[in-house]
Amino acid sequence: MSRRGRLDAVVVGGGVVGAAAALMLARSGWQVALVEARTPAPWRRDARDLRVFAFAPDNAALFEALGVWPAVVAARVQPYRGMRIWDAGCGQPLVFAADALGQPQLGWIVENSLLVETLWAALPGAGVRVHCPTRVTALDQDDSGVRLELDDGGTLEARLAIAADGAQSALRQLAGVGTQGRDYQQQGVVAFVSSTRPHAQTCWQRFLPTGPVALLPFHDDADPALRGRLGSIVWTLPDDEAQQRLAEPESAFAQALTTAFGGELGEFTLQSPRAAFPLRRMLADTQLHGRVLLVGDAAHVMHPLAGQGVNHGLRDVAALKSLLAEAQARDAGALSLARLARWARQRRSENAVGAYAFETINRVFSNDALLPTLLRGPALGLVGRLPPLVHALWRHAAGV
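Note that the coordinates shown come from a computational prediction; the quantities given were computed from them, not determined experimentally.

Visitor: Could you clarify how one ought to interpret the overall build of the protein chain in this entry?
Guide: In terms of regular secondary structure, the protein chain is built from 12 helices and 20 strands. Long-range contacts, defined as pairs at least 24 residues apart, comprise 74% of the intrachain contacts of the protein chain with a sequence gap of at least 6. Of the roughly 16800 Å² of accessible surface on the protein chain, 54% is carried by carbon and sulfur atoms.

Visitor: Explain unusual backbone geometry here, please?
Guide: Most peptide bonds take the trans form, and the phi angle of most residues other than glycine is negative. The amide bond that connects Cys132 to the next residue, Pro133, takes the cis arrangement and shows omega of 0 degrees. Assignment of secondary structure puts Pro133 in the loop between strand 8 (129-131) and strand 9 (136-142). At Ala200, a position not held by glycine, the phi torsion is positive, near 60 degrees. Note on placement: Ala200 falls in the loop between strand 12 (179-195) and strand 13 (202-208). Residue Ala200 is classed as exposed on the basis of its relative accessible area of 53%.

Visitor: Can you help me understand the pattern of salt bridges in this one?
Guide: Pairing between side chains of opposite charge can happen when their charged atoms approach one another. Inspection of every chain in the model, using the stated rule, returns 13 salt bridges. Between Glu149 and Arg147 there is a salt bridge, and its shortest N-O distance comes to 3.4 Å. Arg339 is paired through a salt bridge with Glu326; the nearest N and O atoms lie 3.4 Å apart. Of this pair, Arg339 sits in helix 10 (residues 337-365) while Glu326 sits in helix 9 (residues 309-329); the two residues are 13 residues apart in sequence, bridging distant segments of the chain. Salt bridges sharing common partners tie together Arg147, Glu149 and Glu157.

Visitor: Is there a simple way to think about the nonpolar core in this case?
Guide: General note: in soluble globular proteins, nonpolar side chains tend to be found buried as a group. With 53 residues, the main nonpolar core has Val16, Leu25, Phe55, Phe63, Val110, Leu293 and Leu314 as its most contacted residues. Looking at which element gives the most residues to this core, the answer is helix 1 (residues 16-27), with 10 residues. When sequence neighbours within four positions are dropped, the list of residues in contact with Val16 reads Phe53, Phe63, Asn112, Leu115, Val116, Leu119, Val310 and Leu314. One finds Leu7, Ala33, Val35 and Leu156 within the second-largest nonpolar core, a separate group that totals 22 residues.

Visitor: In this structure, what is going on with the packing of aromatic side chains? I would like to understand it.
Guide: By convention here, two paired aromatic rings are described through the distance between centres and the angle between planes. Across all of its chains, the model carries eight aromatic pairs by this definition. Relative to Trp204, the ring of Trp86 has its centre 6.2 Å away and its plane inclined at 85 degrees; by these criteria the two rings are edge-to-face. On the criterion of sequence distance, the pair formed by Trp86 in strand 5 (residues 82-87) and Trp204 in strand 13 is long-range, its members being 118 residues apart. Across the pair, exposure class does not vary: Trp86 and Trp204 are buried alike. Residues Phe261 and Phe268 carry aromatic rings whose centres are separated by 5.3 Å and whose planes lie at 55 degrees to one another, so their mutual orientation is tilted. The pair formed by Phe261 and Phe268 is uniform in burial state, with each residue classed as buried.

Visitor: What am I meant to see in the sheet that holds strand 7 (residues 107-111) here?
Guide: Two strands in a sheet stick together by hydrogen bonds in their backbones, pointing the same way (parallel) or opposite ways (antiparallel). Taken together, three strands build an open sheet; the order of strands is 3-7-4 and the sheet is antiparallel. This sheet does not close on itself; its edge strands, each paired only once, are strand 3 (52-55) and strand 4 (78-80). The mean angle between the axes of side-by-side strands here comes to 25 degrees, regardless of whether they run parallel or antiparallel. Where helix 2 (residues 57-65) meets the sheet, its contacts fall on strand 3 and strand 7, and the angle it forms with strand 3 comes to roughly 100 degrees. Relative to strand 7, helix 5 (residues 112-126) is tilted by about 85 degrees, and along the sheet it contacts strand 3 and strand 7.

Visitor: For this particular structure, what's the right way to read the side chain of Asn59?
Guide: Take Asn59: it is sitting in helix 2. A residue is classified by how much of its surface remains accessible, and Asn59, at 0% relative accessible area, is buried. Beyond its immediate chain neighbours, meaning those up to four positions away, Asn59 contacts Asn311, Leu314 and Arg315.

Visitor: What should I look at first to understand the confidence of the model for the protein chain in this one?
Guide: In regions of low pLDDT, the predicted coordinates are not meant to be interpreted in detail. Averaged over the protein chain, the pLDDT score is 88; the fraction of residues at 70 or greater is 85%. Taken as a whole, residues 369-377 scores under 50 in pLDDT and shows 17 contacts with residues more than four places along the chain or in a different chain. In the model, residues 382-392 has pLDDT below 50 throughout and makes 10 contacts with residues more than four positions away in sequence or in other chains.

Visitor: What is the right way to read helix 8 (residues 250-260) from this model?
Guide: Owing to its 3.6 residues per turn, the α-helix aligns residues three or four sequence positions apart on the same side. Restricting attention to buried positions, one finds in helix 8 the residues Phe253, Ala254, Ala256, Leu257, Thr258 and Ala260. Residues of helix 8 that are buried make contact with strand 12, strand 13, strand 14 (211-217), strand 15 (230-238), helix 7 (239-247) and strand 16 (268-270). In the stretch just after helix 8, Gly262 is the one whose phi turns positive, near 65 degrees.

Visitor: What exactly am I supposed to notice about the pairing of strand 7 here?
Guide: On a regular strand, one side chain projects to one face of the sheet and the next to the other, so that they alternate. For strand 7, the tally of buried residues reaches five of five residues, placing the bulk of the element in the interior. Alternating positions in strand 7 separate into two faces, Gly107, Ile109 and Glu111 on one and Trp108 and Val110 on the other, with burial throughout. Two strands pair when backbone bridges link them, and strand 3 and strand 7 are joined in this way by four bridges, in the antiparallel orientation. If you follow Phe53 over to strand 7, its bridge partner there is Val110. Two elements, strand 4 and strand 7, share three bridges in a ladder whose sense is antiparallel. Directly across from Tyr80, in strand 7, lies its bridge partner Gly107.

Visitor: How should the pairing of strand 15 be read in this particular structure?
Guide: Counting buried residues along strand 15, seven of its nine residues qualify, which places the element largely inside the surrounding structure. When strand 14 meets strand 15, the two strands line up antiparallel, connected through five bridges. Residue pairing in the sheet places Val213 in a bridge with Trp235 of strand 15.

Rules used throughout
Numbers given to residues run from 1 along each chain, matching the order in which its sequence is written. Totals for whole chains, interfaces and linings use all residues, but because this is a predicted model, local features are given only for residues with pLDDT of at least 70 and pairs of side-chain atoms are given and counted only at 80 or more. With hydrogens and water set aside, each side-chain value is computed from the structure's full complement of heavy atoms. Secondary structure counts use DSSP, requiring at least four H or I residues in a row for a helix and at least two E residues in a row for a strand, with both numbered from the N terminus. Contacts were defined at the residue level, with two residues in contact if any of their heavy atoms lie within 4.5 Å. Residue exposure ignores everything except the shown protein chains as possible cover, and the areas themselves are Shrake-Rupley values with a 1.4 Å probe. Between buried and exposed lies partly exposed: a residue is buried under 20% and exposed over 50% of the maximum accessible area for its type, with that area taken using a 1.4 Å probe on protein chains only. For this document, the term salt bridge refers to a Lys or Arg side-chain nitrogen within 4 Å of an Asp or Glu carboxyl oxygen. As used here, the term nonpolar core means buried Ala, Val, Leu, Ile, Met, Phe, Trp, Tyr and Cys residues forming a set that is joined through side-chain atoms within 4.5 Å. Note on aromatic contacts: the rings of Phe and Tyr and the six-membered ring of Trp form a pair at centre separations within 6.5 Å, being stacked when their planes are under 30 degrees apart, edge-to-face when over 60 apart, and tilted otherwise. Whether two strands pair depends on DSSP finding at least two bridges between them. Angular values range over 0 to 180 degrees, each being the angle between N-to-C directions of two axes fitted as lines to C-alpha atoms, with helices fitted over their stretch in contact. The predictor reports its confidence for every residue as pLDDT, a score running from 0 up to 100.

Here it is, written out as C-alpha cells:
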C-alpha cells in the first residue's frame, strides 16, 4: 500500500549526510520521506561520542543555511585555530594558523551524535516524513520514478531515491551499483585522552611508519581540570597491532601513545574506553543509477587521515542544493536525468580524487623505506615555507 501519495524524494539513511539531505530537500519545497533502520542514539552532554569530525567551514555554512548550526554551536563544539603536521623521520612541521590565513578559526570538532540529533529535531518542522525503524527490502524504478518496499509492509513512491545508508548500503545493492575498493589492513584506534601540555586549539598529526596518529582538540564542559588538555585521537595501526593496543592496560596504551607523539603534548592519560574501526577505500561505480542517487559513505569511503570523509559527504548534499537552486532560477526541470548525471559526474570525480590522494599520502608517509623517509619530512617543511601554497591547501580542505 502506497503511503500518502507520491513523494518528490525518499532518502534512505538517517545519519549526518542522509538527514542533512532530507532537510535540505524539504527546505527547498520538496515532499520528502526519510527511511532509517535504527533509532539514532541520543547525544548526551554528560558523555562523549567517540565518533567526532573535523567540520569544515563550507559545511558549517550549509548547516547555517539549513537553520541548524546555531543549535550545534550552543550545545558543544570545539573550534580549532591551528594544524600541525610533521613526520617522525625528520624535517620541519607543516603548520596552518588561523591568524596567518585571516580566519577566526580553521574549523570545528563536533560529535556525530550531536549533529544527528540536531538534524533530526528539525525534520518534523520541515515536513519530512520519518519512517523509523524501517528498512527497504525491494526497489523498482523506471524513467519517471522509484517504488520502495519496506519491511513493515508499506511502500513509498517518489521521483527520486537517495542512498545515504552507509558503506554497506542496501539501497545501492538493490539498485545494482557496483563498487571498487581496497582494504588497507589497518584500523583506526579512537579514544579520548588528556595531555599534560595544552592542545592550544590545534589539530596535531604525526606520520609514523605504521600510519598517522592524530589528536583533535575537544571542548570539555564537565571537568574544568581537563579544559584545554582534552583531545580525541585517531591512531592508524596495522590490524594486529591495533588489537594489541585495545587489549593492553590503560597505562601501557597511554605510554605508547605518548611515544608515538614524540612527547610533543607531554604525557597522555586515557579518559574514555578505546574502540577501533577498519580502514579502507571504497568508491561506487557511479553516484547515479536511473533515479537512485548515492551520497556520503554509500558512494565513497576514504582514509580518515585528513578528516574529510563526512565533509565530502556533505559536499554531495551542498552540490545537490546548488543544482536545485540553479534549476529553480532557470525555471528548469530540477529532476531531469541530464542534470542529475552532471551532478553525479562532478561529485564522483571530486570524491575519487580525494580518496586516491589520501591513499597516496598514507602510502608515502606510512613506511620506513630510506628514500621516502629522507624526502617527506623536508617536503613538509618546504610547503610550510610557501604561504600561498599553505593558503591554497587550506582553502581546498575548507571547501571555500
